[in-house]
Amino acid sequence: MPFKVNNYLLVDIDNEFSSNFAQHYFANVEGSTLVVAGANSRHMVKLMFNELVKDYCYCDFSNEISVSELASYLHEHHDIQGVLINQTDYQLANDAQKFIYNSLHKIRYLVQQDGHSFSFTPCPDAAHINHLSCQSEIAETTAHLLSAKDEFK
């Protein structure tokens, strides 16, 4: 049974990999469900313009504040089922970067491109549920702070 990538977040570190992945899964499908996040806004806008992704978010994955803002946005606007990370990018990441990747969602898959197809392996490292996680209630912190601010007016 083929792996369904519906409502997943794709971490966009390698633009060529992300383009190939999105084209493979959504070039012939009406209404992509893939959300992409990364630092190359121009590339992500192009993916969205070509209707290969449902939405995109700028995110500097080396900056916890940027990742926390991404988590809040995804929690509020999307029902992300898991995270897809290029296996090569994950393997080359240092411990701090892996911590961030493992905090994004409890379900994470490492994706490897094999010619014209892709294979998925569950991430072998433990997930961390914290302020960087898009599926947890912690991601609602911004909304709670704003409502608390209104109470003091």
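Heads up: the structure comes first, above all this text.
Let me begin by describing the structure that accompanies this report. (Residues numbered from 1 in each chain as written. Predicted model: local features only at pLDDT ≥ 70, side-chain atom pairs only at ≥ 80, totals over all residues. Heavy atoms only, no water.)

Things to note about the overall build of the protein chain
Here's step 1: When helices and strands are counted, the protein chain shows six helices and six strands.
Here's step 2: Along its sequence from the N terminus, the protein chain presents helices and strands in the succession β-α-β-α-β-α-β-α-α-β-β-α.
Here's step 3: Within the protein chain, contacts between residues separated by at least 24 positions form 59% of all contacts whose residues are at least 6 apart in sequence.
Here's step 4: Total accessible area computed for the protein chain in this model is approximately 8,700 Å², and 51% of it derives from carbon and sulfur atoms. (Helix = DSSP H or I, 4+ residues; strand = E, 2+ residues; numbered from the N terminus. Contact = heavy atoms within 4.5 Å. Areas by Shrake-Rupley, 256 points an atom, 1.4 Å probe, with all protein chains shown as cover.)

Remarks on unusual backbone geometry
Leaving glycine out, the prevailing phi sign among residues is negative, and the prevailing peptide bond configuration is trans.
Here's step 1: Phi is positive for N7, which is not a glycine, with a value near 60 degrees.
Here's step 2: By the element assignment, N7 lies in the segment before strand 1 (8-12).
Here's step 3: The exposure class of N7 is partly exposed, given its relative accessible area of 25%. (Buried < 20%, exposed > 50% of the residue type's maximum accessible area, 1.4 Å probe, protein only.)

Considering helix 5 (residues 95-103)
Here's step 1: For helix 5, the full list of buried residues reads Q97, I100, Y101, N102 and S103.
Here's step 2: On its buried side, helix 5 packs onto strand 1, helix 3 (64-77), strand 4 (82-86), helix 4 (87-92) and strand 5 (108-114).

Focus on the environment of N130
Here's step 1: Checked against the element boundaries, N130 lands in the loop between strand 6 (117-122) and helix 6 (141-151).
Here's step 2: Separated by 62 residues in sequence, N130 and S68 place their C-alpha atoms 9.2 Å apart.
Here's step 3: There is a polar contact of 3.0 Å between the side chain of N130 and the side chain of S103. (Polar contact = N/O pair within 3.5 Å; in protein donor to acceptor, adjacent residues only side chain to side chain.)

Quick word on the sheet that holds strand 2 (residues 35-38)
Here's step 1: Ordered by their spatial adjacency, six strands build an open sheet running 3-2-1-4-5-6, and the pairing between neighbours is mixed. Two strands close off the open sheet at either side, each with one partner strand: strand 3 (55-58) and strand 6. Between one strand axis and the next, the sheet turns through 30 degrees on average, direction left out of account.
Here's step 2: Bridge count between strand 1 and strand 4: three bridges; the pairing is parallel. Within the sheet, the bridge partner assigned to L9 lies in strand 4 and is V83. (Pairing = 2+ DSSP bridges. Axes fitted to C-alpha atoms, helices over the stretch in contact; angles between N-to-C directions.)

Considering the packing of aromatic side chains
Here's step 1: Tallied over the entire structure, the rule returns ten aromatic pairs.
Here's step 2: Pairing F21 with F118 gives two aromatic rings, centres 5.1 Å apart and planes at 80 degrees, and the pair type is edge-to-face. Separated by 97 residues along the polypeptide, F21 in helix 1 (residues 15-26) and F118 in strand 6 bring together distant segments of the chain. Side by side, F21 and F118 carry an identical accessibility label, which is buried.
Here's step 3: Ring pairing ties together the aromatic residues F17, F21, Y25, F118 and F120, which thus form one cluster. (Phe/Tyr/Trp six-rings, centres within 6.5 Å; stacked < 30°, edge-to-face > 60°.)

Side note on the side chain of S18
Here's step 1: Summarising the element assignment, S18 is placed in helix 1.
Here's step 2: Here S18 falls in the buried class, since its relative accessible area comes to 0%.
Here's step 3: Excluding anything up to four places from it in sequence, S18 contacts L10, V11, D12 and H43.

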